[in-house]
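Listed here are the chains, written in short residue letters.
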Amino acid sequence: MNKKKIAFAAAAAALALAATGGSIAFADPAGPPPYRQLSGVGSDTTQDVMNGLAAAITVNGQKVIGSYDATGSANITTKDPAANPNCTIARPNGSGAGRSALLTSLQASNGCLDFARSSSLNLAAAAPGLTYVPFAVDGVSYAITPGSAIPRKLSLTDLKAIYHCDPNYVGAGPNYDMTVYLPQAGSGTRSFWESQMGITDADVVAGVYPCIKDKKGSAPVQEHDGRVLDDKSIVPFSIAQYQSQSSQTIADLRGRAILGTVDGLAPTVLNSGFGVKRDVYNVIPTGKVATAPWSTVFVGANSEICKQSAVINTYGFATNPNCGDTTKQTP
C-alpha cells in the first residue's frame, strides 16, 4: 500500500468517525447505562469494531450493546450485580473462549451473556443452538519485520509450506531458521489461518509441525500484536486490525510489523478483494433470532449493525453482502 493510499485511508477513517459521532472505542462498555441488554465477549479481531458499533447504536435512546475486550482485567461483570450477582466471570480471550462462555451462560440460564464475537465459523453441535450472523469481511495476511529475511511477497503455496515446516523454507530443526507463530489457543484467527494452511489444531498441539509456536517464552502469542516479531519470525495478522492500528483508530500494537503480499494481492483497508478473507460474526442464541433486541440489533440487512457501514469501514473491515443472514446455525 503506498503512502497516498494510507493517508487517504486514515483521512476516511477520521471522517467516518466524525460523521457517526464516534471516537476511539473504549476497552469495555463506557458511559450510561453501565450494564447493557446485550453483553458479548470473544474475538480479539472484532472487539474494536464492536466497541465502535456499541457506541454508535441506540435503541429507544439507550445504548444496548456491551462488548467486553478479549484482554484486560482478569474478570468482567456483565450485568448489574444488584439484579444478578452471579455475572462476574473470567474474561474470555478469543472466539472459541467467547463461544464457550456464551454456551455456559445459556446452559445455566443465568442471563450473563447474550452474544459472542467470532472471527471464525464453527458449526459443531451446540446445545442450545447458536446462529452465526455475519456483519463484515476481513482479510488475513502474514506479518514480518522490515529487516526480515522472509520475503515481503509470498504465494499461498509458499505460506502453506512454511506452516507445514518444510525444511526448504524454515530450515532444519531443532534450531529452525524461522520462527513460525500462531496466535493463542482459542483464537479465531488461529483456527481460520490453520484452515487456510491446510493444517489442524490437533496436529499443531500434538507437535506434528515442530517449527510452529504459539508462545514467546512463556507468554501466549496474542493475535494482532506485532510486538512479538523479530527478524526471523512470521505470524498471521488481520488486515482490518493492522489498518485500524495504523490509522490510530485503535491502540497501535504493531511494533515493527509490516504486512506481506499474498499471490500478488496487497493488503488494503477495505479488503473484500483480498485472496485470504473471511466473514466475521456475532453469535447469538438461535432461540432469540426473532426476539428483540437480538432481532433488532443483529438480524437482517436492515438491522442496527448492518445500517452502520461507515463504522464498519472505519475499523478497516469491508461491509458484508450477507450482513444479518441467519442461515448458519449449529445443529
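### Examining the pairing of strand S7 (residues 115-118)
Neither face of S7 is exposed, since Phe115 and Arg117 on one face and Ala116 and Ser118 on the opposite face are all buried. Bridge count for S7 against strand S17 (residues 277-285) is three bridges, and the pairing is antiparallel. Residue pairing for S17: Arg117 is matched across the bridge by Asn282.

### With respect to the nonpolar core
One broad trend across soluble globular proteins is that nonpolar side chains are buried collectively. Tyr163, Val180, Trp193, Ile212 and Ile234 are the most contacted members of the largest nonpolar core, which has 38 residues in total. Among the elements of the structure, strand S8 (130-144), helix H4 (156-163), strand S10 (179-181), helix H6 (188-197), strand S14 (233-238), helix H8 (239-246) and strand S15 (258-259) are those that each provide at least two residues to this core. Once you skip the residues sitting within four places of it in the chain, Val180 turns out to touch Ile162, Tyr163, Val170, Cys211, Ile212, Lys213 and Ile234. Formed by 27 residues, the second largest nonpolar core is a distinct cluster that contains Ala54, Ile250, Val280 and Phe298.

### A look at the environment of Tyr132
You can see Tyr132 is positioned in strand S8. When its relative accessible area of 0% is taken as the criterion, Tyr132 is described as buried. In this structure, the C-alpha to C-alpha distance between Tyr132 and Leu229, residues 97 residues apart in sequence, is 32 Å. Contact partners of Tyr132, with chain neighbours within four places excluded, come to Arg99, Ser118, Ser120, Leu121, Asn122, Leu123, Tyr281, Asn282, Val283, Asp325, Lys328 and Thr330. Looking at Tyr132, its side chain comes within polar contact range of the side chain of Arg99, at 3.2 Å.

### Thoughts on the pairing of S14
By the criterion of burial, S14 is predominantly enclosed, with six of the six residues buried. What you see with S14 is no split at all: Ser233, Val235 and Phe237 on one side and Ile234, Pro236 and Ser238 on the other are buried throughout. Inspection of the sheet shows S8 paired to S14 by four bridges, in the antiparallel sense. In the strand pairing of S14, Tyr142 is matched with Pro236. One ladder, built from two bridges, connects S10 with S14; its direction is parallel.

### Considerations on helix H3 (residues 95-108)
A rise of 1.5 Å per residue sets the reference length of H3, with its 14 residues, at 20 Å; its end C-alpha atoms lie 20 Å apart and thus fit the reference within 8%. Against strand S1 (38-42), S7, S8, H6 and S17 lie the buried residues of H3.

### Topic: the state of the cysteines
Enumeration according to the criterion identifies three disulfides in this entry. Disulfide partner of Cys165: Cys211, at an S-S distance of 2.1 Å. Every disulfide takes its handedness from the sign of the S-S torsion; for Cys165 and Cys211 that torsion is -90°, giving left-handed. Of the two residues, Cys165 sits in the loop between H4 and helix H5 (167-170) while Cys211 sits in the loop between helix H7 (201-206) and strand S11 (212-213), which places them 46 residues apart along the sequence. Cys211 shares its class with Cys165; the two are buried. Each sulfur of the disulfide joining Cys306 and Cys323 lies 2.0 Å from the other. Negative torsions about the S-S bond denote left-handed disulfides, and the value of about -95° found for Cys306 with Cys323 makes this one left-handed. One end of the pair, Cys306, is in the loop between helix H9 (294-297) and helix H10 (309-314); the other, Cys323, is in the loop between strand S18 (318-319) and strand S19 (328-329), and 17 residues separate them in sequence. In this structure Cys323 comes out as buried when scored by relative accessible area, which is 12%.

Scoring rules and cut-offs
Residues numbered from 1 in each chain as written. Predicted model: local features only at pLDDT ≥ 70, side-chain atom pairs only at ≥ 80, totals over all residues. Heavy atoms only, no water. Buried < 20%, exposed > 50% of the residue type's maximum accessible area, 1.4 Å probe, protein only. Helix = DSSP H or I, 4+ residues; strand = E, 2+ residues; numbered from the N terminus. Pairing = 2+ DSSP bridges. Core = buried A, V, L, I, M, F, W, Y, C linked by side-chain atoms within 4.5 Å. Contact = heavy atoms within 4.5 Å. Polar contact = N/O pair within 3.5 Å; in protein donor to acceptor, adjacent residues only side chain to side chain. Expected span 1.5 Å × (residues − 1). Disulfide = S-S within 2.5 Å.

This is a description of form; function is not addressed.
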